[in-house]
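Geometric and topological summary
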Amino acid sequence: MKKTKKKIRLSGVIFMLLTIYLLGMLLYYFITLPVKSINIKGNILLTDSQIISESKIDYNNSIFKLSTNKIKNNLLKNPLVESVNISRNLKGTINIEIKESKILFYNVLTKKLVLSNGKEMEDTGDYVGFPVLVNYVPSNIYKTLIKSLAKIDDSNYKKEHV
């Protein structure tokens, strides 16, 4: 029996090495792709800079090393943020879509702003133009008041940010 030697074609080896190199460079590009821009939609009361600082996004990190769940959890710590949707694309852009709670009124007794989701937040003086609840209201009526005010159409509701 004769043993046949297989010849390795030089062009095939070069093609394989080039393909592996290109795939490696492509992978490296995606791993090191920095955050180039952040698009924010849906915010009325919160400013873009507040959202970016609360999200703790670092422009020096790779876009794929950022955890969207951490960003989402950081933003949900703010009582004004009701829900967050985060996406990223291959151009280095992070898209943040926010749904904010409405400020319903200022409660003089607790010195807090009452939100449509039932939460209360400290009054920093940044938000003006909302009704003021001056008197004590029993808790069952208070909850009904919050639910009823939350149903008011946004177009009839004055929102101003100082």
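Think of each chain on its own: its residues are numbered from 1, step by step along the sequence as written. Local features in this predicted model are restricted to residues whose pLDDT is 70 or higher, and side-chain atom pairs enter the listing and the counts only when it is 80 or higher, whereas totals over whole chains, interfaces and linings include all residues. Heavy atoms throughout the structure, all of them, feed into the side-chain values; hydrogens and water do not.

Focus: the overall build of the protein
Note on conventions: DSSP H or I runs of at least 4 residues are helices, E runs of at least 2 residues are strands, and numbering of each starts at the N terminus. The number of helices and strands found in the protein is four helices and nine strands. If you list the helices and strands of the protein from N to C, you get α-β-α-α-β-β-β-β-β-β-β-α-β. Only protein chains enter the area calculation, which uses a 1.4 Å probe; residues under 20% of their type maximum are buried, those over 50% are exposed, and those in between are partly exposed. Counting across all 162 residues of the protein, residues that qualify as buried make up 28%. Within the protein, residue pairs in contact and separated by at least 24 positions form 58% of the contacts whose partners lie at least 6 positions apart. When the accessible surface of the protein is summed, it comes to about 11,500 Å², and 58% of that surface belongs to carbon and sulfur atoms. Whether two residues are in contact is decided by their heavy atoms: any pair within 4.5 Å suffices. Areas reported as accessible are Shrake-Rupley estimates using a 1.4 Å probe. Residue values count occlusion only from the protein chains shown.

Overview of the sheet that holds strand 1 (residues 37–41)
Hydrogen bonds between backbone groups are what pair the strands of a sheet, and the pairing can be parallel or antiparallel. Taken together, the three strands give an open sheet; going across it, the order is 1-3-2, and neighbouring strands pair in mixed fashion. Edge strands, defined here as strands with exactly one partner in the open sheet, are strand 1 and strand 2 (81–88). If you compare each strand with its neighbour and ignore which way they point, the axes differ by 20 degrees on average. For two strands to pair, DSSP has to find at least two bridges joining them. In the sheet, strand 2 pairs with strand 3 (residues 93–100) via seven bridges, with the strands oriented antiparallel. The residue of strand 3 that forms the bridge with N85 is E97. Helix axes are fitted only over the stretch in contact, all axes being lines through C-alpha atoms; the angle between N-to-C directions runs from 0 to 180 degrees.

Some words on the pairing of strand 4 (residues 103–107)
Extensive coverage of strand 4 is indicated by the burial of four of its five residues. Sheet topology note: the strand 4/strand 5 (residues 112–115) ladder contains four bridges and is antiparallel. Within the sheet, the bridge partner assigned to N107 lies in strand 5 and is K112. Pairing geometry for strand 4 and strand 8 (residues 132–133), over two bridges, is parallel. Considered in strand 8, the bridge of Y106 is made with V132.

Quick word on the nonpolar core
I57, L80, I94, I96, I103 and Y127 are the most contacted members of the largest nonpolar core, which has 25 residues in total. Those residues in contact with I57 that sit more than four places away from it in its chain are V35, I38, I52, L66, I71, I94 and I96. Think of a nonpolar core as a cluster: buried Ala, Val, Leu, Ile, Met, Phe, Trp, Tyr and Cys residues, connected wherever their side-chain atoms sit within 4.5 Å. Of all hydrophobic cores here, the second largest spans seven residues; its members include L104, F105, L133 and V137.

A closer look at the packing of aromatic side chains
Any two rings among Phe, Tyr and Trp, with Trp reduced to its six-membered ring, count as a pair given centres within 6.5 Å; such a pair is stacked if its planes are under 30 degrees apart, edge-to-face if over 60, and tilted if neither. Evaluated as defined, the whole model comprises three aromatic pairs. Ring centres of Y29 and F30 lie 5.4 Å apart, and the angle between their planes is 65 degrees; on these two criteria the pair is classed as edge-to-face. With a centroid separation of 6.0 Å and an interplanar angle of 85 degrees, the aromatic rings of F105 and Y142 are classed as edge-to-face. Taken together, the positions of F105 in strand 4 and Y142 in helix 4 (residues 139–150) put the pair 37 residues apart, joining distant regions of the chain. A relative accessible area of 2% places F105 in the buried class. Among the residues examined, Y142 registers a relative accessible area of 15% and is labelled buried. The rings of Y29, F30 and F64 are connected pair by pair, giving a single aromatic cluster.

What is shown is where atoms sit, not what they do.
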